[in-house]
Amino acid sequence: MITHEALRKIDTHWAVQAVGNNELRQAILQFSKAKLVEKAIGEQLTLCVENPFNDEDALRRLAMAYEMVAIEGMHDFVNHTDNDELQDQFLAGSHRAFEIYRVLETPENDDLKFIFHLLHLSALAYCGDCWTDLKHIYDDYSGVIDKFSPDLMVEWDQRILFRLFDCWVSLFRKNSWQELTNITTAISILREEQAQYEKDYLKTDSNNENKTKAMRLMSLYHWAKASELLSLYMLQGEPADIKSQLDRHFSLAIKISADGGDAQLEILLRWLHASAEQMVNGSIWWVARTINSKATQFIKNLSSQAQPLLELLPPQKVALKECGLLDPAKTAVVVDMPTSGGKTLLAQFKILQAVNNFGETKGWVAYIAPTKALVGQIIRRLRKDFSPLGIKVEKLSGAIEIDVLEEDMLNDAESFDILVATPEKMQLVLRNHKIRRPLSLLVMDEAHNIEDESRGLRIELLLATVKQHYQAQANFLLLMPYVENAKTLSRWLAHDRDAGLAISLSTNPWQPNERIVGLVKKEKAGNGWTINYQTLITSPKTIHLKGKHQIGGVRPIPVSHSSANLSKIVAGCAKVFASRGTSVVIAKTKPTAWSLARILRDNMDDLEEIPSEIQLVQNYLKTEVSPEFELINMLNKGIGIHHGGLSDEIKALMEWLVEEGTIKVLCATTTIAQGINFPVSSIFLQSIEYPYGKKMSYREFWNLAGRAGRVGQDNVGVVGIACDTPKKERELIDYVKKSTGNLTSRLIIILKSLEDAGKLNALESMMYAPQWEDFRCYIAHLLNEKKELQATLNEMDRMLSNTFGYSELKNANSYQSERLLTATKKYTESIAKNMGNVARADMTGFSVESVKKTMDEINKLEYKLTPSDWMPDSLFGPSGSKLPDLFSVMFKIKQLDFGPDDEQGRRQSRMADIAQAWIAGQAIHEIAVNFFDGSGSNEISKVYNAIYGKLANGGTWGLSALSRMSGIDFDTLSDEHKRLLNLMPAMLYHGVKNEESVLMRMNSVPRSIAEAVGNRFKQHVEKRNVATARQYLAELNDSDWNSVTSHNQYLSGSEYKKIWQILSGEAGS
Amino acid sequence: MSDILPTGSAIYQKNYNGLCVKGIFYNEDDLNRSAQVIADICFDTSGQKAFEKFMLSLSDTGFSPITAVFPEVRDWQVGEGFAEAYLTAHLSCSFPWSNNRDLKNPNSSLTGADMVGFHQGKFAFGEVKTSAEQKYPPQVTSKKGDGLNTQLKKLCHDHDLRWVLVQYLFHRVKTSVDYQEACIAYLKGNNDFYVFGVLVRSVEPKINDWDYLKKHLEVHEKNKVSLIALYLPPNDGIETLHACVLSKRAKS
């Protein structure tokens, strides 16, 4: 893979130096970037570059110089010589040459020149690891390409050349399976036409000319054969000796064209030979040719999709081929890769390797994604790709409790091979040994969340738990962007020194596309105002064009200059850029996201025709939320919303609409930075702060900014941050310059802050602060596992060494590590006095302190809770429910995070009432009216916040934990009662009132019909679990769906089915 | 070791708008003395063998063998050999990659050049036309399509064409100091290269041979384009040269 070092090195090459000094060359490169930006977003952004440089000839000379640098290493690259330096030079030279050639004028009026130009450019892109840029170049010239017709050519050599051009266009852009299969047909046609055309072609008077022409034909025939072989290989991975066959035909084609005096063809063929080599190197067949049978089948499926995946992105190729991602001796692999670099595919290969090695052990793979939305996305992807291979993938709900149906699933060895969940949920599973089968592999996506202020420690301790309990069998794969110390992390998790592997590719020059990051500010323009765009110098070296550029025209939003606040500015940017592809605008809070969407709604036109995808989602919203829901009309204009004040389903549907290309502007909050996994065209931030004033970390910002620009579609991704004061401007300029730096354990950060505050000596007492809660839980767990204090204390140092923070501190700061060890031991001694509470803590996930508090509060109730109080009918029933009292207990447990509530007086009964209404099946807008005094967007947001923010998390966890601490003797309960009790959290989580409905909701059936479909399922299926429910749903036809949805005025059965397919990721979506 | 090409007799030499125009006459004796040098440039005994090998290689392309019959004797452009020999011997040009196989393919979009090499530390591109036509200037200097006028114009102004030639040469002489020097000059400035147009004539030497080009050729830069007419004895000069060169081949 091309490195910054290789790029720096080629700048010292004599050919590059010949063009001019460094200053001049920088000016030329800047000019090429300006041209690129102008070409890509010239309609939206008027560039006004300071001290413009526009010497086209200099541009051309620099391109030539870089190409020369490449050519010098071409022989070594194609022939795999020992000279790595020259091979690197070839790749780096091609990369730079392509960067410039792509902005040079294309000879559109001369067919032959065009053909040679485009193939040459494509070859440079391939050899320079920039092939993802080719798709939009081909899109730009699709009109010219389409008009070429080999059949219109009379001269035989031109017929061949035009047809081969067609073939290589297909090979380079890989639009579809069909296009590639057509190559074999095209070459067969040429073979058939040979007899018809060749004779006439070789009939000139001059013997010399005939001979030269014959040479040209021979060269073309070899090229045709090479093209056919390459297309077959890309599609099927055969022939196995592809490289030697390609070498033979290309070498002959080149030699013949050289001898035949066809310099232009010779040079093109040399480039195509190198690209073919590069194409094979990146082919999924070549990269994965040595791995297992499951992977082979997986590749076969990927390559035969309508839009086939035939080739790996450069970082994927490097990770698999050069870095040894699949080396079985490496037990802990940490992949640091740029956003959109294709990490999930790497995880899939690693998972297949693990599944292949399960053998008789019936192992399993844990896949951890940071948010419920990402769990949903991953499950959809894994099911789509792995179900055809017979690999079972299941997920756990976002509730911090394992309900009875999930228990069933976890206990059934046949139910899944891969389990996807959030860290909190997976922690419950792993800590409590819920799965008896061996854990083979743990994949942690977005693992940089280890440094997250609120969840980081929990995630680190989850990994420590796996190290503690599962290290003998489990391997680790951590995926993250922009982490400089990946090596340290891999060493921490590995069995031994040599078993760690860090694959660090974030800082490599390869990026999915170019990016431009800048400030957006308003500027007075006559009576109006304009949006000024000022590009910034950033740590990842995005495009910087010094000058005052302008987004859109005067008064992009029709308000006065003084009324143009930050919201109006970013709305204006999004409105202008929406014509290019989805633009995301990011607000600090949910109400601001709504108000941004309203500004846009008032200033954007309705879509000419409402796409069926949008209509489907609108009908869903009418049914599930309210026919008056504000988002429905916004969707008419292509405006979507994505934030925590919406259900997971709505967010998933918004993401789907973005993927389908129907959303023009998506209004979101800063929290999207943690959950966005879909590429967009541009991103405009009203603020880089989270709702409570904390700034996004640099890593989070760059992870978000990395989504700007869709691979293969946008050559420049645009990011804008709104700014209204000089102070903020200075801060932002500084902010984007900062490097993402090392990933640091929260333990280290907390200890450092205590030391800085001179409180490290009081660590024993400081350990009771909320930020230590996860740590205390972990210690309680260790103690509960050991059951015996002294044994725990004796092993404390070893057990703490399983954490990233402590293991690092031991090397770097022994004073802090000793303080931590001492304080931890003291804390352990203190909790060991009541081992019952320790056991309760470990069972519930509460800290010992929360357990004590809960027990105290339960004891304060004026009555003793009985088993019947906990039965769902009673708890969520209309009268005599103890739910309000239970909520009053839960509100006092800080760990449950019910957070501040503006309406203190009403909260305990209101939360219980909301829970009851939710389970009773009340529609969202009814809950909004009944409990939040209205059904506007803000009220709807509040409902979702109450349900998904509070009930689904603290509510389910708290109720379940309370039931275990309420003094009920579980052994005296009947199996049916136990089951009902254990079902209660799931009912609350999903908002339905029986087991079958829960099964439907677990399988993504919309809530409005979950009960009806559940009843039908109950009638038809005897063995009811998550898997049979999914199978049942998959087998329902449109009329089955119709029969359960006939009452619905907005969604037909087939529409419900479609929604279900989208949300569940089942085939057909 | 080849003999040195005789200097011939200078007939005319003038400069017009940055064009240097020159006429040199070679008598029969000169021709005899030139033959070996030219033969060394022109003859390529490996060419025919390679051609046959290439024909055989088609069997594994899935295409049928080419059935056309090509006589063994290659048409060779003795004029081009003569021009190259002259530029090398008397204008300190060097052509590191022999152009015994011409660089032209009539169906290429870029039709190449007869000669690519170096002159005074710069790239030198040359085109050659041979003509016994009695008219002044001969049509080969003004003919549309592949006339000397069009070819020289392209060399002066078509950077894509020149870039192909520069690359072509680079693939063959990557490590040469001459190449590096010329290439640096080429990459440094816009138009730092030389162009040579050579006419091989078997008529009375007259400067009018250049009338058309003097009027129509726009040079890329002054004093970087030279037009040279090599006059052989009128009427049968070209045939004589052929015979001389062939005899040298026979000897070797």
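Cut-offs applied
Residues numbered from 1 in each chain as written. Chains lettered and ligands numbered in written order. Predicted model: local features only at pLDDT ≥ 70, side-chain atom pairs only at ≥ 80, totals over all residues. Heavy atoms only, no water. Helix = DSSP H or I, 4+ residues; strand = E, 2+ residues; numbered from the N terminus. Buried < 20%, exposed > 50% of the residue type's maximum accessible area, 1.4 Å probe, protein only. Polar contact = N/O pair within 3.5 Å; in protein donor to acceptor, adjacent residues only side chain to side chain. Contact = heavy atoms within 4.5 Å. Pairing = 2+ DSSP bridges. Core = buried A, V, L, I, M, F, W, Y, C linked by side-chain atoms within 4.5 Å. Right-handed = clockwise from strand over helix to strand, strands pointing away. Domains from an automatic or database assignment. Buried area = accessible area lost by both parts, 1.4 Å probe. Salt bridge = Lys/Arg side-chain N within 4 Å of Asp/Glu carboxyl O. Nonpolar A, V, L, I, M, F, W, Y, C, P; charged D, E, K, R; others polar. Patch = residues over 30% accessible without salt bridge, like charges linked within 9 Å, V, L, I, M, F, W, Y side chains within 5 Å. Areas by Shrake-Rupley, 256 points an atom, 1.4 Å probe, with all protein chains shown as cover. Lys, Arg positive; Asp, Glu negative; His and termini not counted. Charge placed at Lys NZ, Arg CZ, Asp CG, Glu CD. Arc of directions from axis to C-beta. Axes fitted to C-alpha atoms, helices over the stretch in contact; angles between N-to-C directions. Parallel < 35°, antiparallel > 145°, perpendicular 65-115°, else oblique.

1. Some points on the side chain of Arg-455 of chain A
Residue and element names in this part refer to chain A.
Then, in step 1: When you line up the elements, Arg-455 lands in the loop between strand S6 (439-444) and helix H21 (456-470).
Then, in step 2: In this structure Arg-455 comes out as buried when scored by relative accessible area, which is 16%.
Then, in step 3: In terms of polar contacts, Arg-455 uses its side chain to reach the backbone carbonyl oxygen of Pro-370, at 2.7 Å.
Then, in step 4: Arg-455 has contacts with Pro-370, Pro-423, Glu-424 and Asn-449, leaving out every residue within four places of it along the chain.

2. Here we look at the sheet that holds strand S5 (residues 122-131) of chain B
Residue and element names in this part refer to chain B.
Then, in step 1: Spatially, S1-S2-S7-S6-S5-S4-S3 is the arrangement adopted by the seven strands of the open sheet, whose pairing is mixed. Each edge of the sheet is formed by a strand with only one pairing partner; in this case those strands are strand S1 (9-16) and strand S3 (93-94).
Then, in step 2: Bridge count for strand S6 (residues 193-201) against strand S7 (residues 225-231) is seven bridges, and the pairing is parallel. Across the sheet, residue Val-198 finds its bridge partner in S7, namely Ile-228.

3. So, the side chain of Asn-802 of chain A
Then, in step 1: For Asn-802 of chain A, the position within the fold is in the loop between helix H33 (789-800) and helix H34 (804-812).
Then, in step 2: Apart from residues no more than four positions distant in its own chain, Asn-802 of chain A is found in contact with Ala-464, Lys-467, Gln-468, Trp-492 and Tyr-778 of chain A.

4. What about the nonpolar core?
For soluble globular proteins, nonpolar side chains are generally found buried alongside one another.
Then, in step 1: Grouped together as the largest cluster of nonpolar side chains are 449 residues, with contacts concentrated most on Trp-168, Trp-223 and Phe-701 of chain A together with Phe-123 and Tyr-179 of chain B.
Then, in step 2: Apart from the residues within four sequence positions on either side, Trp-223 of chain A is in contact with Leu-119, Leu-161, Leu-164, Trp-168, Phe-250, Ala-253, Leu-265, Leu-268, Leu-269 and Leu-272 of chain A.
Then, in step 3: Counting residues in hydrophobic clusters, the runner-up holds 33 residues, among them Tyr-26, Met-115, Tyr-194 and Val-198 of chain B.

5. Some thoughts on the pairing of strand S7 (residues 475-480) of chain A
The side chains of a regular strand alternate, residue by residue, between the two faces of the sheet.
Residue and element names in this part refer to chain A.
Then, in step 1: Of all six residues in S7, five are buried; the element is thus mostly enclosed.
Then, in step 2: Looking at chain direction, S6 and S7 are connected through four bridges and run parallel. Its bridge partner being in S7, Leu-442 is matched across the sheet by Phe-476.
Then, in step 3: Handedness of the crossover joining S6 and S7 through H21: right-handed.

6. Structural notes on the domain arrangement of chain A
Then, in step 1: In terms of domain boundaries, chain A breaks down into domain 1 (1-105), domain 2 (130-282), domain 3 (288-504), domain 4 (514-735), domain 5 (746-843) and domain 6 (851-1064).
Then, in step 2: Distance between the C-alpha centres of domain 2 of chain A and domain 6 of chain A: 63 Å.

7. Observations regarding the interface of chain B and chain A
Then, in step 1: At the interface, 53 residues of chain B touch 60 residues of chain A.
Then, in step 2: At the boundary of chain B with chain A, total buried surface from both sides reaches about 5,000 Å², with 61% on carbon and sulfur atoms.
Then, in step 3: The partner of Arg-248 of chain A in a salt bridge is Asp-60 of chain B, with the nearest N and O atoms 2.8 Å apart.
Then, in step 4: On the surface where chain B and chain A come into contact, there are 12 residue pairs in polar contact (both at pLDDT 80 or more).
Then, in step 5: Taken together, the elements giving at least two residues each to the side of chain B that touches chain A come down to helix H2 (46-57), helix H5 (159-173) and helix H6 (177-188) of chain B.
Then, in step 6: Among the elements that line the side of chain B that touches chain A, the one with the most residues is H5 of chain B, at 10 residues.
Then, in step 7: Residues of the side of chain B that touches chain A, tallied by class, amount to 25 nonpolar, 17 polar and 11 charged.

8. Quick word on a negative patch on the surface
Then, in step 1: Together, Glu-5, Asp-82, Asp-84 and Asp-88 of chain A make up a region of like negative charge exposed at the surface.
Then, in step 2: What makes Asp-84 of chain A exposed here is its relative accessible area of 52%.

9. Considerations on helix H15 (residues 293-303) of chain A
Then, in step 1: What H15 of chain A keeps buried is the set Ala-295, Phe-298, Ile-299, Leu-302 and Ser-303 of chain A. One side of H15 of chain A carries all its buried residues, which in axial view fall inside an arc of 125 degrees.

10. Some words on the pattern of salt bridges
All names here are of chain A.
Then, in step 1: Tallied over the full model, the rule gives 79 salt bridges over all chains.
Then, in step 2: Here Arg-798 ties to Glu-795 by a salt bridge, and the two come within 2.3 Å at their closest N and O atoms. Of the two residues, Arg-798 and Glu-795 both sit in helix H33, three residues apart, roughly one turn of that helix.
Then, in step 3: Relative accessible area serves as the criterion here: at 44%, Arg-798 is assigned to the partly exposed category.
Then, in step 4: Between Glu-857 and Lys-860 there is a salt bridge whose closest N-O contact spans 3.1 Å. Taken together, the residues Glu-857 and Lys-860, both in helix H37 (residues 848-860) and three residues apart, mark about one turn of the helix.

11. Regarding the packing of helix H41 (residues 924-932) of chain A against helix H42 (residues 937-965) of chain A
Residue and element names in this part refer to chain A.
Then, in step 1: One can describe the packing of H41 onto H42 by two numbers: an axis separation of 9 Å at closest approach and a directional angle of 95 degrees. The pairing of H41 with H42 is recorded here as roughly perpendicular in orientation. Side by side, H41 and H42 meet where Ile-924, His-925, Ile-927, Ala-928 and Phe-932 of the first sit next to Glu-939, Ile-940, Lys-942, Val-943, Tyr-944, Ala-946 and Ile-947 of the second.
Then, in step 2: A breakdown of the residues in the contact of H41 with H42 according to their chemical character gives nine nonpolar, one polar and two charged.

12. Considering unusual backbone geometry
Then, in step 1: Backbone torsion omega between Glu-238 of chain A and Pro-239 of chain A reads 0 degrees, so that peptide bond is classified as cis.
Then, in step 2: Summarising the element assignment, Pro-239 of chain A is placed in the loop between helix H11 (207-236) and helix H12 (242-259).
Then, in step 3: A cis geometry characterises the amide bond from Tyr-136 of chain B onward to Pro-137 of chain B, with omega recorded as -10 degrees.
Then, in step 4: Among the secondary structure elements, Pro-137 of chain B is positioned in the loop between S5 and helix H4 (148-157).
Then, in step 5: A positive phi angle is found at Arg-555 of chain A, which is not glycine, with a value near 50 degrees.
Then, in step 6: For Arg-555 of chain A, the location among the structural elements is in the loop between strand S11 (549-551) and helix H23 (566-577).
Then, in step 7: Even without glycine at this site, Asn-223 of chain B takes up a positive phi of about 60 degrees.
Then, in step 8: Residue position: Asn-223 of chain B is located in the loop between helix H7 (211-216) and S7.
Then, in step 9: Residue classification places Asn-223 of chain B among the exposed positions, given a relative accessible area of 58%.

13. Points about the pairing of strand S15 (residues 682-685) of chain A
Residues and elements named next belong to chain A.
Then, in step 1: With burial as the criterion, each face of S15 is covered, one bearing Ser-682 and Phe-684 and the other bearing Ile-683 and Leu-685.
Then, in step 2: Bridging between strand S12 (residues 583-587) and S15 involves four bridges; their strand directions are parallel. Following the sheet pairing, Val-585 is matched in S15 by Phe-684.
Then, in step 3: With four bridges joining them, S15 and strand S16 (residues 716-722) adopt parallel strand pairing. When the bridges of S16 are listed, Ile-683 appears paired with Val-719.

14. Points about the environment of Ser-227 of chain A
All names here are of chain A.
Then, in step 1: For Ser-227, the position within the fold is in helix H11.
Then, in step 2: Taking relative accessible area as the criterion, Ser-227 reaches 0% and is therefore assigned buried.
Then, in step 3: Along the primary structure Ser-227 and Met-799 are separated by 572 residues, whereas in three dimensions their C-alpha atoms are 59 Å apart.
Then, in step 4: Leave out the neighbours within four places in its chain, and Ser-227 touches Leu-164, Trp-168, Leu-171, Ile-183 and Ile-187.
Then, in step 5: A polar contact is formed between the side chain of Ser-227 and the side chain of Trp-168, at a distance of 2.8 Å.

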